[in-house]
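Topology and contacts: notes
This is what each chain is made of:
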Amino acid sequence: QVQLVESGGGLVQTGGSLRLSCAFSGRTFSSYAMGWFRQAPGKEREFVAAINWSGDSKYHADPVKGRFLIARDNAKNTVYLQMNSLNPYDTAVYYCAASGRAYGLAYVNDYDYWGQGTQVTVSS
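Per chain, residue numbering runs from 1 following the sequence as it is written. Restriction of local features to residues with pLDDT of at least 70 applies here, the model being predicted, together with a cutoff of 80 or more for giving and counting side-chain atom pairs; totals for whole chains, interfaces and linings are based on all residues. Only heavy atoms go into the side-chain values, all of them from the structure, while hydrogens and water stay out.

Spatial ordering of the open sheet is given by S1-S3-S8-S7, a layout of 4 strands whose pairing is antiparallel. Of all strands in the sheet, those with a lone pairing partner are strand S1 (3-7) and strand S7 (68-73), marking the two edges. If you compare each strand with its neighbour and ignore which way they point, the axes differ by 15° on average. Strand pairing is assigned whenever DSSP identifies at least 2 bridges connecting the two strands. Secondary structure follows DSSP: runs of H or I at least 4 residues long count as helices, runs of E at least 2 residues long count as strands, and numbering of each begins at the N terminus. Sheet topology places S7 next to strand S8 (residues 78-83); 6 bridges connect them, and they run antiparallel. In the sheet register, alanine 71 faces S8, and the bridge partner there is tyrosine 80. Only C-alpha atoms enter the line fits that serve as axes; for helices the fit covers just the stretch in contact. Angles between N-to-C directions range over 0 to 180 degrees.

We now examine the packing of aromatic side chains. Aromatic contacts are taken between Phe, Tyr and Trp rings whose centres are within 6.5 Å, Trp giving its six-membered ring; a plane angle under 30 degrees counts as stacked, one over 60 as edge-to-face, and the others as tilted. Summed over the entire model, instances satisfying the criterion amount to 8 aromatic pairs. Their ring planes at 85° and their centres at 5.2 Å tell us that phenylalanine 37 and tyrosine 111 sit as a pair that is edge-to-face. With a gap of 74 residues between them, phenylalanine 37 in strand S4 (residues 33-39) and tyrosine 111 in the loop between strand S9 (92-99) and strand S10 (113-114) connect regions that are remote in the sequence. Type-normalised accessible area, obtained with a 1.4 Å probe on protein chains alone, sets the label of each residue: buried when under 20%, exposed when over 50%, and partly exposed for intermediate values. Its relative accessible area of 1% is what places phenylalanine 37 among the buried residues. An aromatic cluster is present here, built from Phe37, Phe47, Tyr59, Tyr111 and Trp114 joined pairwise through their rings. Should the NZ of a Lys or the CZ of an Arg lie within 6 Å of a ring centre and within 35 degrees of the ring normal, that charge is described as sitting over the ring. Stacked on the ring of tyrosine 80, the Lys or Arg arginine 19 has its end atom at 3.9 Å from the ring centre.

The following block contains the structure:
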């Protein structure tokens, strides 16, 4: 059984930064690609970023390119999302997820396991 536990969400002003963390347990972390998604009230879950098993390949959605960076530390079984230059449109619940796929990681159905989500609120 895989468990993903997220942390690091909170309140931040426009232009500020946050770093989200997601701890993975239950299976071999380095066997999984990891992703971050976000969901604002009344909207569908939206892809943010993905990273391959080794951490040397990354893919970021257009709205966050140049501002957010996904990373992983396989020694700590943890995936991160560094978020810079935040704006109110980034306000959402952020979820981490694990996938056994090697490709096609931009969709909710590509992922096998999900964290509980952590709230990020950016004030204007």
